[in-house]
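# Remarks on the overall topology
Chain by chain, the residues run as shown.
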Amino acid sequence: MAKDKQYSATLAREESAKKAPVTPTASPKVAPIPSTLSEPVRPATSAALPFGRQNYTLMLIGIGVILAGFFIMSLDKEEFGFGFLGLTLGPIVVMGGFVIEFFAILAKPKV
């Protein structure tokens, strides 16, 4: 029974709080604080692509040479690809393609 009395008292307090008129208060306008940390200035060239046209052309040529090497290896008529094309010529062509890719990445783009 004591719990009921506490509960009703709580309701009474909440009801009286709801009935009280609420006066709106104007909050002062706060000016934005300028940040002391400025964003790093990026040069205009950073938006450009990381490689030049020559680099991308060499990359495409390298991919083509690698694919040609795998195609050469598939042309071998010997059993399990143990002929000249599958064991010698094809892998040399594939390695040549990877060397071209290496130079395509390291070549400085012409400005």
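In this report, we go over the structure that sits alongside the text.

### Some details on the packing of helix 2 (residues 53-74) against helix 3 (residues 84-106)
- Contact geometry of helix 2 with helix 3 gives a least axis separation of 8 Å together with a crossing angle of 170°. Considered as vectors, helix 2 and helix 3 are oriented roughly antiparallel to each other.
- Classifying every residue of the contact of helix 2 with helix 3 by side-chain character gives 19 nonpolar, 7 polar and 1 charged.

### What about the environment of Met 95?
- In this structure, Met 95 sits in helix 3.
- With 29 residues separating them along the chain, Met 95 and Ile 66 place their C-alpha atoms 7.5 Å apart.

### Considerations on helix 2
- Here helix 2 contains 22 residues, and its C-alpha end-to-end distance of 32 Å stays within 8% of the 32 Å for a straight helix at 1.5 Å per residue.
- Along helix 2, the residues classified as buried are Asn 55, Met 59, Gly 62, Ile 66, Gly 69 and Ile 72. Considered in projection along helix 2, the buried side chains sweep an arc of 145° and stay on one side of the axis. In helix 2, the exposed positions that point more than 90 degrees away from the buried face belong to Arg 53, Leu 60, Leu 67, Phe 71 and Ser 74.

### Digging into the packing of aromatic side chains
- Under the criterion given, the structure shown has 3 aromatic pairs.
- For the pair Phe 102 and Phe 103, a centre-to-centre distance of 5.8 Å together with 70° between the ring planes defines the contact as edge-to-face.
- Overall, the relative accessible area of 47% leaves Phe 102 in the partly exposed class.

About the thresholds
- Residues numbered from 1 in each chain as written.
- Predicted model: local features only at pLDDT ≥ 70, side-chain atom pairs only at ≥ 80, totals over all residues.
- Heavy atoms only, no water.
- Axes fitted to C-alpha atoms, helices over the stretch in contact; angles between N-to-C directions.
- Helix = DSSP H or I, 4+ residues; strand = E, 2+ residues; numbered from the N terminus.
- Parallel < 35°, antiparallel > 145°, perpendicular 65-115°, else oblique.
- Nonpolar A, V, L, I, M, F, W, Y, C, P; charged D, E, K, R; others polar.
- Expected span 1.5 Å × (residues − 1).
- Buried < 20%, exposed > 50% of the residue type's maximum accessible area, 1.4 Å probe, protein only.
- Arc of directions from axis to C-beta.
- Phe/Tyr/Trp six-rings, centres within 6.5 Å; stacked < 30°, edge-to-face > 60°.

Note that every value here comes from positions in space, so none of it alone points to a role or purpose.
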